[in-house]
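# Observations on chain architecture
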Amino acid sequence: MSSLEELMTKAKDLHSEGHSSGQIADELSLSVDTVTWLLTQGKAGIAAPKDVHIDWTTVSSNSTLLGGISSMMLANFEAANEEEEGIDTVIGISVSGVPLATMIAAEDGLNLAIYHPSKHNPEGKIGSISGNFSKVSQRRCLIVDDCITTGNTLTEIVNYLRRHKSTPVGICVIFDKRGVREIEGVPVYSLFTIKRID
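On a predicted model such as this, the values are computed, not experimentally measured, just so you know.

### What about the overall build of the chain?
On a plain count of helices and strands, the chain comes out with 7 helices and 7 strands. Shown N-terminal to C-terminal, the secondary structure of the chain runs as helices and strands in the order α-α-α-α-α-β-α-β-β-β-α-β-β-β. Seen through its principal axes, the chain has C-alpha atoms that stretch 50 × 35 × 30 Å. Taking contacts inside the chain between residues at least 6 apart in sequence as the whole, the part at least 24 apart equals 59%. When the accessible area of the chain is evaluated, it comes to approximately 10,200 Å², of which 50% is carbon and sulfur surface. Averaging the positions of the 17 positive and the 25 negative side-chain charges in the chain gives two centres separated by 7 Å.

### Some remarks on the state of the cysteines
One pass over the structure, following the stated rule, counts 0 disulfides. A disulfide-free cysteine, Cys 141 has its sulfur positioned 13 Å from the sulfur of Cys 172, the nearest such atom.

### Details of the nonpolar core
Ranked by internal contacts, the top residues of the largest apolar core, which has 23 residues, are Leu 100 and Val 144. Residue assignment for this core shows that the elements contributing at least two residues are α5 (63-80), α6 (97-108), β4 (140-148) and β5 (167-176). Counting residues per element, this core draws most heavily on α5, which supplies 5 residues. Not counting the four nearest positions on each side in its chain, Val 144 is found in contact with Met 73, Val 90, Ile 91, Gly 92, Ile 93, Gly 97, Leu 100, Ala 101, Ile 104 and Cys 172.

Cut-offs applied
Residues numbered from 1 in each chain as written. Predicted model: local features only at pLDDT ≥ 70, side-chain atom pairs only at ≥ 80, totals over all residues. Heavy atoms only, no water. Helix = DSSP H or I, 4+ residues; strand = E, 2+ residues; numbered from the N terminus. Contact = heavy atoms within 4.5 Å. Areas by Shrake-Rupley, 256 points an atom, 1.4 Å probe, with all protein chains shown as cover. Lys, Arg positive; Asp, Glu negative; His and termini not counted. Charge placed at Lys NZ, Arg CZ, Asp CG, Glu CD. Disulfide = S-S within 2.5 Å. Core = buried A, V, L, I, M, F, W, Y, C linked by side-chain atoms within 4.5 Å. Buried < 20%, exposed > 50% of the residue type's maximum accessible area, 1.4 Å probe, protein only.

Shown next as structure tokens:
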């Protein structure tokens, strides 16, 4: 089976288990457009979007490795901010950013918040901060996720934080598929930049 066929099968399996396209996109580290294409391939004759699948389950499923990569993300942020930006809250983007943010917050003794993006909302219009974790109003926040695919979710949370009188001071990701240095004026600190060569 080709890797494309495997992705189609994984996307269809997740969809049959009740996952939304946004949730499948997060699970497979793909854009929602790519997931839509995988789920409808052959039905509409839509051209395949240009995307890169990143399978980091070897790390994400091993707490020791996950802790190591979380420490690398924090070290990358701190190295670029020698004057210490004074963050007090780490926000994990649901789903894959949550364990990373949890480990970063624990390492530095910071508050933890979780953001549920609009693509996980059945109405799909608005994202939200979980009420079971730290509040973000009047806080200096470090945003954490696994991957920048389109940048839409990170743009969404930056705008959410500003509307709620928070200061987003940085965005930490493992993988950046866009090669961006900032989103909405907030610096991006990625460990790896992924580029597709056509």
